[in-house]
Amino acid sequence: MARNKPSDWRFDLAGAAPPAAAQRHTRRVIHGRVLDDPYEWLAAKNWREVLRDPDALPADIAKLIKEENANCDRVMAPLKDLRKTLVAEMRGRIKEDDSDVPEPDGPFAYYERFHPGAEHPRYCRTPREGGAETILLDGDALAKGHEFFDIGDAAHAPDHAQLAWSVDDAGSELYDIRTRALGDGLDRADVVSDSDGTIVWRADSKAYYYVLVDENHRTSQIFRHEIGTDPADDTLVIEELDSAWFVGLGESHCSRFAIVSIHGHDATECWLIDLREENPTPRIVAPREPRLRYDVEPHGDLIFIRNSADGADDFRISVAPLAEPGRENWKDVVHHRQGAMIDYFTVYARHLVWLLREDSLPKIVVRALLSGDEHAIHFEEEAYALSIDPGLEFDTDILRFVYSSMTTPDETYDYDMTTRTRILRKRQEIPSGHDPKNYVTRRLFATARDGESVPITLLHRADFSPGGEGAPLLLYGYGAYGYALSASFNEDILSLVDRGFVYARAHIRGGTDKGWRWYEDGKLEKKQNSFSDFIDCARHLVSSAYTHEGAIVAQGGSAGGLLMGAVANEAPELFAGIIASVPFVDTLNTMLRDDLPLTPPEWLEWGNPIASVEAYDRLASYSPYDNVRRQYYPPILAVGGVADPRVTYWEPLKWVAKLRAKMSGGGPILLFTHMGAGHAGASGRFESLEDTALEYAFALACVAPKLTL
């Protein structure tokens, strides 16, 4: 396209002025501190209603959001052709008729697949040994007429004659559950509403368990629904009354139990529900204790427990009698080792398997239960990602895992845990072509200002070498909730790398990239470490000649958006631009609102400014919205969603308004808000590329003069 070249990758700053939100000051005195908020009015009083129906947004707020979207479109207008090119490139890397490797379960093998052009998958099965396909659920057909459509779960019943499936059609993460008989494919009339989407069938296939989401959008109750009955008559099985705890539901690998996990940010309590019984009494595994985190997998008369008891912060695996599973009976089978974090474990009939991460690199360890023989599965690349798919069957020697790296697309393997041989079942296809030899992935370590060593994973073209001023660089970070960044393959990022970018992921404190200590060193009173680590990683990449000051585009979303807001305040000169997706930037005000969905559970992550003056002062010291000041800010693109229950739409809306009102220079400051989506943005596999193209076109425009193609 004629204009699709760096000289045309620019913002249109000559048109109408950006929106200027009215300032309607509210003053509160908290712990003797005055909190003045000129944009508090942008938080709709009817937010619960808005989550269910975005059209319920008050007219003045909806008008401002639409004006912001129009301003974003206008400023980004010169990049229209570039965005189309980016979408076409990224779509060209997606196999249109992609499908999963089938998962065997009894007489059938189940899988998802797409047909060409489809935004959403079909859920299918064939006879286990091969034969005609049956489409159980057609996501694309069901999604017609919906702006947003996300299938949360599609669970076949143990009798293989029914399917239960859940869907969110607003982006608010409130899922309706329906069931259908697979003989006729028709959904039944009894629909369970306001669930979290998870479904666990009872063994007789006549009922299922689910999690109800309450009016404050919190998961607090487990119910059982009998097929064909009125959901109003469903049986309450477990209820958690403390708003600081979440309730989750899963199924044991052996399929005998539903496992209920009641969890906060630093502790867990698990209950077992026997799926063989019609009306079982839930059984507790171990009562909650401060700092005791655990999850469980029953195995015959035993129960295996991954746990942090007695200071095992990076987890150990213990075993206890199923009949007496309390802590006093836990005996270690895999010992704790500081810095070697057990991320995940599962149990098969004859094997125990766990995923271990050390220095932010994962490995899979397999142990034969009878002999105790143990071995690890090894990989050669400098940085890579691993995930385990436990499958649908318990009595098997086959372990399925997925391997990738920044240069290597996903590879799905079936690994025989007895013979120690692996079979490649699927390699992710890149229809437009991809040669891993054209790219290099590296692992660097930045020295933080307090002496800690912070890992950085890099991707760049093989024909790039650091030196001189380096290249434009996209630096991604998160650093919260113990979430570790993986070195996985991202086909979309190649659109930037092929245009001269270096791509980097900063494994900063706040994640568990280097174990639980790494997480605790980036939360509460140590939260500043997350921000400092990110800035120190950026400066290390400058000093290592991968890039230079003012050529870095920073990117983060959700709690990573908080990171973006903080570094924009603290080191704006480092960045050519900042991309903040659903950014948690109004941190202090959100933590002061105990009616919001995530506030009480997250006081252990950020602090409780209602109860503690120390927590208030700490949050006030870094909350991005409250620390916007009169200074230069680089170009910023924020993205939000009206139906987002995690980071409310008003956080980026308020932040953008305050940035424009206070900044002394720089910008542009842009906001795009999805009117019919939530935290994850657009739901379709191709529709979501529009979001990515917007962000990447923004990044390219920020550094266009520095690109040499």
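Above this text sits the structure in question.
So, here is what we can say about the structure in this document. Quantities reported herein were computed from a predicted structural model and do not represent experimental measurements. (Residues numbered from 1 in each chain as written. Predicted model: local features only at pLDDT ≥ 70, side-chain atom pairs only at ≥ 80, totals over all residues. Heavy atoms only, no water.)

**Some thoughts on the packing of aromatic side chains**
Phase 1 of the analysis: For the structure on display, the rule yields 21 aromatic pairs.
Phase 2 of the analysis: When the ring of Trp201 is compared with that of Tyr208, the centres are 6.0 Å apart and the planes differ by 70°; the resulting orientation is edge-to-face. With respect to burial, Trp201 and Tyr208 carry one shared label: buried.
Phase 3 of the analysis: Centre to centre, the rings of Phe464 and Tyr546 are 6.2 Å apart; their planes meet at 40°, and the pair counts as tilted. You can see Phe464 sitting in the loop between β32 (453-461) and β33 (473-476) and its partner Tyr546 sitting in the loop between α7 (528-543) and β35 (552-557), a full 82 residues away along the chain.
Phase 4 of the analysis: Looking at Tyr546, the relative accessible area reads 4%, which means it is buried.
Phase 5 of the analysis: Through pairs of rings, three or more aromatic residues link up here, namely Phe379, Tyr384, Phe401, Tyr403, Tyr413 and Tyr415. (Phe/Tyr/Trp six-rings, centres within 6.5 Å; stacked < 30°, edge-to-face > 60°. Buried < 20%, exposed > 50% of the residue type's maximum accessible area, 1.4 Å probe, protein only. Helix = DSSP H or I, 4+ residues; strand = E, 2+ residues; numbered from the N terminus.)

**Remarks on the sheet that holds strand β6 (residues 134-138)**
Phase 1 of the analysis: Strand order in the open sheet formed by four strands is β3-β4-β5-β6, and the pairing between neighbours is antiparallel. Either end of the sheet is taken by a strand with one partner, and the two such strands are β3 (103-105) and β6. The average undirected angle you get between the axes of adjacent strands in this sheet is 25°.
Phase 2 of the analysis: Judged from the four bridges that link them, strand β5 (residues 122-127) and β6 form a sheet pairing that is antiparallel. Paired with Cys124 across the two strands is Ile135, which belongs to β6. (Pairing = 2+ DSSP bridges. Axes fitted to C-alpha atoms, helices over the stretch in contact; angles between N-to-C directions.)

**Quick word on the packing of α7 against helix α8 (residues 559-570)**
Phase 1 of the analysis: Their axes nearest at 10 Å, the elements α7 and α8 cross at an angle of 65°. As judged from the angle between their axes, α7 and α8 are roughly perpendicular. In the crossing of α7 with α8, the sense of the turn from one axis to the other is right-handed. Facing α7, whose interface residues are Gln528, Ser530, Phe531, Phe534 and Ile535, α8 presents Leu562, Leu563, Met564, Ala566, Val567 and Glu570.
Phase 2 of the analysis: Class assignment for the residues of the contact of α7 with α8 results in eight nonpolar, two polar and one charged. (Parallel < 35°, antiparallel > 145°, perpendicular 65-115°, else oblique. Left-handed = near helix turned anticlockwise from the far one by under 90°. Contact = heavy atoms within 4.5 Å. Nonpolar A, V, L, I, M, F, W, Y, C, P; charged D, E, K, R; others polar.)

**Examining the sheet that holds strand β23 (residues 340-347)**
Phase 1 of the analysis: A sheet is described by the order of its strands in space; here four strands give the open sequence β23-β24-β25-β26, paired in antiparallel fashion. Only two strands of the sheet have a single partner each, and these edge strands are β23 and β26 (374-377). Across the sheet, the mean angle from the axis of one strand to that of its neighbour is 25°, orientation sign disregarded.
Phase 2 of the analysis: Pairing of β23 with strand β24 (residues 351-358) involves seven bridges; the strand directions are antiparallel. Looking at the pairing, Ala340 lines up with Glu358 of β24.

**Section: empty space enclosed by the protein**
Phase 1 of the analysis: The full count for this structure, using the stated rule, is two cavities of 30 Å³ or more.
Phase 2 of the analysis: In this structure, the largest cavity occupies an estimated 60 Å³ of space.
Phase 3 of the analysis: Trp47, Val50, Leu51, Pro597, Val642, Asp644, Pro645, Thr648, Tyr649 and Trp650 together form the lining of the largest cavity.
Phase 4 of the analysis: When residues in the lining of the largest cavity are grouped by element, the largest group, three residues, is from helix α1 (residues 47-52).
Phase 5 of the analysis: Taken together, Tyr478, Gly479, Tyr483, Leu485, Ala506, His507, Ile508, Gly511 and Asp513 make up the lining of the second largest cavity.
Phase 6 of the analysis: Grouping the amino acids of the lining of the second largest cavity by side-chain chemistry returns five nonpolar, three polar and one charged. (1 Å grid on protein atoms, 1.4 Å probe; cavity = no way out; pocket = protein on both sides within 12 Å on 5 of 7 lines; lining within 4 Å. Points joined across faces, edges and corners; volume = space filled by probe spheres on them.)

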